[in-house]
Amino acid sequence: MNSTALETAKKRMRFLLILSLAALLAIAGRLFWVQGINASTVADAAQADRQREEIIAPTRGSIVDRKGTLLSVSVDRYDLVIDQRDQRDQIRRAKRDGTNGSEFIGWDQAIQELAEILEQNPEDLAKSVQPQDDAKPKGYVVLAKGVTPEVKNEVMEVGIPRLTPLLRSERQYPQGVIAGPLLGFVRNSEDQTTVVGAEGLELSQEEHLKGTNGSRKIEVSADGVRIPVTEVEETPAVNGQDVMLTIDSDVNYVAQREAEKKQKEFNAEWVSVVVQEVKTGKILAIGDSAQLDPNDPGATDPEFRRSVAITRAFEPGSTGKAAIFAAAIDQGAVTAKTEMRVPNKVTVTRETIHDSLPHATYDMTVAGIFARSYNTGTVMVGNKLSNKERYDYMRKFGLGSPIYLGLNGASAGQLAKPENWDRRQQYTTMFGQGYSQTVLHTASIFQALANGGELIAPSLIEGYKNEDGSITKPETPKTTRVVKKTTSKEMLKLMEGVVESGTGTKMKIPGYRVGGKTGTGQAASDKGYDGYSYSFAGVAPLDDPQYVVVATMYRPQGSWKNFSVADTFTEVMSHVLNTYNVPPSSTKSESYDVFVGKEQKKPW
Amino acid sequence: MSQRAQRRVLKTAAMTAQPVVEGSAARDVRPEPVAASELAGNDPRQRVTLSLVPRMNETNKRSMLVMVIALVLLAFAVMVTLVFMNTSVAQRQYDIVSLRNQERALSQENQALLKEAQSLSAPQALAKEAKAIGLVAPGAPGLVDLSDNSIKKSADKAVTAEGNAANYATLPLPGQSIREKADTKKSESKAPAPTVGQNSKDESKTSNEASDSKDSTKSEAKEEAATRKVADDGRPVFNDSELNGGTIPAPMIKSPTN
C-alpha cells in the first residue's frame, strides 16, 4: 500500500468517524431533547395515543309510589343490526344440539330461524338480512328494535355473522295504565342509546332521573387490544335518583276505575277524580276516565295524554259557592245561623237570578242556603261583600293561577279582575259561573277549608332516593292562610249540612261524618253553553278531616235524573278511609238547621 | 507464592518451637530470634510473594455445577413465572369480561322477573284474578264502640259474585294494549250491550239467566233515558235553557228582556 492510498484511507476513515460522531451527537441530542427537555409532552402524546375513554351510561332512576311500588323503571333492551357486506354463501356455526363441532347452514334456514325468534315474516326479514336484487350491500340494517335479552341470546345462537346486538335502555311501566297521565312517557335520545322524558313527570323530573355519565380510561396497543397491566382510571356513573311520589297506586287504581266506570255510565266526555291529603296537601291519587298506558302513549287520544284534572278548566258551578260562603263568614258579614228570606227569584241591579226549581219563599239559615244550594240565597250572601273582596278571596284560594305539580300543561283557569266583571258576572261568580278552574283547584280549595283555613300547595313528589339509599326532600310546599280557623270550622259544619239534609244526601259513607258540596256547572263550547259538568267535593271524616275527594264528570249524556257522581265519591272515599285505617267518627253531626223554625222538611 | 511464605513461616515456627534448653549448649543451638518487624527492614528487596490459585478439587467442581444448574433453573423459573403471570393477567381479562356479562345477564333476569312480579301485582291484575276466583268487594264494615261495648253499626253483607254489579276488572292489564280495548269499545258502542252482563256470561254459563234479566233491566233504563223529558218522579220538569248552573238540577240567571 503506497502512501497516497494510505492517506485516502485515513481520510475516509476520519470522515466516517466524523459522520458517526455527528450522527451520534444528533441521536444524543434528540435523546436529550426527548428525555430531558420535552419529556412530559412526549409522554402525554404517547399516553393520549394509547388511551381510550369509554362512557359508562348511568341507569335512569325509577319512579315509585308512596309504598315503593315500581311505576316506571328502565330495562336493558337490544337493537339487532346486521352488516350485509362481505357475507359468505354459507354460515358456519357451533352445533346447536350441545355436541362439539360446527355445522354449515344456508341463509334460508338462518332467516327462517331468525324469523321464528323475532316473530317476523321470513320474506320481509330476508329483505333486510340480504341485499336485494344486486343492490349494494348496506353496512347497517336494523332487523329488530328493543328486543329482550332472552330474544337477543336466541338470535345470537343462530350464528349469523356480522349480526350485532346494540345495547340500549328502555323505559317500562310495570303497572300499565296506573297513574299513566301523571308519569308521562319518554322518547328516544338523539343517539338512540337511551331515553329522555317527553311528558309528565318523566319530563319534569328529567334532571333527577337521568343521572351522570361515568367514564373508564383504558390503554390499548397499536393493534387495538387492551394493554392488560396498565392502570385503569374509572369514574363510576352516578345513577339517576328514584323519584318517590305521594301517589298510592292502589288508591289511584280505584280512582281510575271509578272514573272510567262513571264515564261509561253516562258516556261523558271525561271524568276525573282527585284524592288529596288534608293535612299535607299531598296528592294521593288522580284518576282520569281516559287511560294512558305509558308503554304505548300513541294509543291514547292526544287530548288525554295529560291528566284532565290539571289541564281542563271548566265552570265549576255550585262547588264554587264554598269559597264565597267562606269569604262572607270570614269577613263577619254573615254567620252560619244568619236568617234570610230566600225567594225563588231575586233581581239585583236589573239582573234577575232564578233558582232552577221554583220553590216557595223560605226563611232559611245561611247554612241552609248552602245545603240546598240556592242561587238566590247565595247572591244575597255574596252581596254582603264587595266584588274586590270576593275576588281577593278567590285568588287566595288559588283560582286564576296554575297549580304546578311537576306536570306540564297545568291550566290556570280563567278569573277576570273584578273591574272587568260585567253586570251579570259579578253575581254569577258567586255560584261558580263566569270563571273557570280545574278539578285540582277544587280539591285545593276544599283542602284549605278542611285544614283550618290553611292552603298547602298540592304536591306530587314525596322525595328523591339517592343511590346510597338516602332521601333528598323536595322543597316544602308553600302554605298560605286563606281563612281563619273558626271560619274553617264553620265551613265544615256547612258542608256536613249538604250531606245531611241538602243536595248531597247520596254522598253519605256509613260510619263516617262526611261533608262536601255538590256542583253543576255549564260547559261552554264555541257554540255557547251546550253541556254540563257535575262535581262533588267532599271531606272526611269531619271530626278530624283527613282526605279530600273531588269527583267531576264533564258533559254526560243521557238521562239527567241519574247524573250524579255520588257513587264515584263514596266508592273512592270509603276505599281511602279503609286503606288508611281511619277510625270511624265517634262524634255527632254538627250540621245546622236548614230552615228557620222547627219544620225542616220542606219541598225543593 | 504462598508455599514459599508458608515455608518461611514454618521455618520461624520451627525455630520458635525448638526447645529453649537442650543440654548445656542451650544458647548456642538456638538461633537468635528475628523480630518480625525488622525482617522487612533487614531485607528491603524481598517482594510480596505470589502464589498459585489452589487447584480445583472435586468438591469445588460439584458446587460449580450446582450453581450453574441453580442459575439456569432460576432463569427458567423467572421465565415461567413471567409467562404464567402474563397468561393469568390475560385470563383475568377474560374473567372480568365473562363476569361482567354474567352480571348483566343476572341483572337482566332480575329486571325481567321484577317486572313480571310488579305487573302481576298491579291492582287491575289482582282485581281480575280476584274476580276470576269469585271474590267480591266487602260491604260496609261494622262498627263496635269499645268504650261501651256496643255495636254502633252492623256490617253490610257483601254482594255475591252473581248479583254484584260492580265490575272491578275494567282497566286494561299491564301489557294489554289500550288500542285493542278502544277497538272493542267502538264496536260495543254500536251495539249497546251492557258490559256487565257480557262479562258474567264469559265467566260462568250458570249466570246466563241472571245476566239476561240484567240485560232487560238495562234496556228499560235506556228507554227511560230516551223519554227523560216527560218522565217525572216528584221533581218538576223543566227545559234545558233553565238548566243554568247551580246544583242538580242547575239553577239559572236571566237578563231582563226589556
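What counts, and at which threshold
- Residues numbered from 1 in each chain as written.
- Chains lettered and ligands numbered in written order.
- Predicted model: local features only at pLDDT ≥ 70, side-chain atom pairs only at ≥ 80, totals over all residues.
- Heavy atoms only, no water.
- Helix = DSSP H or I, 4+ residues; strand = E, 2+ residues; numbered from the N terminus.
- Buried < 20%, exposed > 50% of the residue type's maximum accessible area, 1.4 Å probe, protein only.
- Contact = heavy atoms within 4.5 Å.
- Areas by Shrake-Rupley, 256 points an atom, 1.4 Å probe, with all protein chains shown as cover.
- Pairing = 2+ DSSP bridges.
- Axes fitted to C-alpha atoms, helices over the stretch in contact; angles between N-to-C directions.
- Core = buried A, V, L, I, M, F, W, Y, C linked by side-chain atoms within 4.5 Å.
- Expected span 1.5 Å × (residues − 1).
- Nonpolar A, V, L, I, M, F, W, Y, C, P; charged D, E, K, R; others polar.
- pLDDT = per-residue confidence, 0-100.
- Parallel < 35°, antiparallel > 145°, perpendicular 65-115°, else oblique.
- Phe/Tyr/Trp six-rings, centres within 6.5 Å; stacked < 30°, edge-to-face > 60°.

**Considering the overall build of chain A**
Within chain A, the secondary structure is distributed over 18 helices and 25 strands. By the burial criterion, 53% of the 604 residues in chain A qualify as buried. Long-range pairs, those at least 24 residues apart, make up 71% of the contacts in chain A between residues at least 6 apart in sequence. Carbon together with sulfur atoms contributes 51% to the accessible area of chain A, which is approximately 27,200 Å² in total.

**Points about the sheet that holds strand β25 (residues 547–554) of chain A**
All names here are of chain A. Taken together, the five strands give an open sheet; going across it, the order is β14-β13-β25-β24-β23, and neighbouring strands pair in antiparallel fashion. Strands at the two margins of the open sheet, each flanked by one partner only, are β14 (283–288) and β23 (515–525). Ignoring strand direction, the axes of neighbouring strands in this sheet form an average angle of 10°. Against the sheet, helix α17 (residues 485–501) touches β23 and β24 (528–540), its axis set at about 80° to β23.

**Quick notes on the nonpolar core**
All names here are of chain A. Counting 136 residues, the largest nonpolar core has L245, V275, F397, L449, M491 and L494 as the members making the most contacts within it. Apart from residues lying up to four places away in sequence, V275 is in contact with V251, K282, I283, L284, A285, V548, V549, V572 and V576. One finds L143, A144, V158 and L163 within the second-largest nonpolar core, a separate group that totals 23 residues.

**A word on helix α3 (residues 107–118) of chain A**
Residues and elements named next belong to chain A. Between its first and last C-alpha, α3 extends 16 Å over twelve residues, near the 16 Å set by a 1.5 Å rise per residue. Regarding α3, the residues found buried are W107, A110, I111, E113, L114, A115, I117 and L118. Residues of α3 that are buried make contact with β3 (70–82), β4 (90–94), β5 (102–106), α4 (122–129), β6 (141–147) and α5 (149–158). E119 sits one or two positions beyond α3 and adopts a positive phi of about 55°.

**A short note on the environment of T429(A)**
All names here are of chain A. Counting through the fold element by element, T429 comes out in the loop between α15 (425–428) and α16 (439–450). T429 gets classed as buried once you look at its relative accessible area, which sits at 0%. Separated by 47 residues in the primary sequence, T429 and G382 have C-alpha atoms spaced 9.4 Å apart. Setting aside anything within four residues of it in sequence, one finds T429 in contact with I324, R390, M394, W421, G434 and Y435.

**What about unusual backbone geometry?**
The peptide bond linking A540(A) to P541(A) adopts the cis configuration, its omega dihedral lying at -20°. For R555(A), which is not glycine, the phi dihedral falls at a positive 55°. A relative accessible area of 14% means that R555(A) is categorised as buried. Here N149(B), not a glycine, exhibits a phi torsion of approximately 50°, which is positive. Note that N149(B) resides in the loop between β1 (143–145) and β2 (150–153). Under the relative-accessibility criterion, N149(B) is labelled exposed at 65%.

**What about the pairing of β25(A)?**
Residues in a regular strand point their side chains to alternate faces of the sheet. All names here are of chain A. Extensive coverage of β25 is indicated by the burial of eight of its eight residues. As paired strands, β24 and β25 are joined by eight bridges and run antiparallel to one another. By the bridge assignment for β25, A540 is matched with Y547. Where β24 hands over to β25, the hairpin turn is made up of six residues, counted between the paired strands.

**Here we look at the packing of α16(A) against α17(A)**
Packed helices, taken two at a time, are described by the angle between their axes plus the distance between the axes. Residues and elements named next belong to chain A. One can describe the packing of α16 onto α17 by two numbers: an axis separation of 8 Å at closest approach and a directional angle of 115°. Across from F446, L449 and A450 in α16, the residues of α17 making contact are S488, M491, L492 and M495. Residue composition of the contact of α16 with α17, grouped by class: six nonpolar, one polar and no charged.

**Looking at the confidence of the model for chain B**
Taken residue by residue, chain B gives an average pLDDT of 64. The fraction at 70 or more is 48%. Confidence drops under pLDDT 50 across residues 1–10 of chain B; counting only partners more than four residues distant or on other chains, this segment forms ten contacts.

**Concerning helix α5 (residues 123–132) of chain B**
Of the positions making up α5(B), those classed as buried are P123(B), Q124(B), A125(B) and A127(B). Looking at the buried side of α5(B), the elements it contacts are α9 (249–266) of chain A together with α4 (58–120) of chain B. The first or second residue beyond α5(B) is G134(B), which carries a positive phi of 85°.

**Section: the packing of α9(A) against α5(B)**
Taken N-terminus to C-terminus, the directions of α9(A) and α5(B) make an angle of 70°; their axes are 9 Å apart at the nearest point. The orientation of α9(A) relative to α5(B) falls into the category roughly perpendicular. Seen from α9(A), the contacting residues are S249(A), D250(A) and Y253(A); seen from α5(B), they are P123(B), Q124(B) and A127(B). Its residues assigned to classes, the contact of α9(A) with α5(B) comprises three nonpolar, two polar and one charged.

**Focus on the packing of aromatic side chains**
All names here are of chain A. According to the stated counting rule, one finds ten aromatic pairs over all chains in the structure shown. When the centroid spacing of 5.8 Å and the interplanar angle of 65° are considered together, the rings of W270 and F314 count as edge-to-face. Here the residue W270 occupies a position in strand β13 (residues 270–277), and F314 occupies one in the loop between α10 (308–311) and α11 (321–330), the gap between them amounting to 44 residues. You'll find W270 and F314 in the same group, each marked buried. Here the aromatic rings of Y547 and Y580 are separated by 5.8 Å at their centres, their planes lie at 35°, and the arrangement is tilted.

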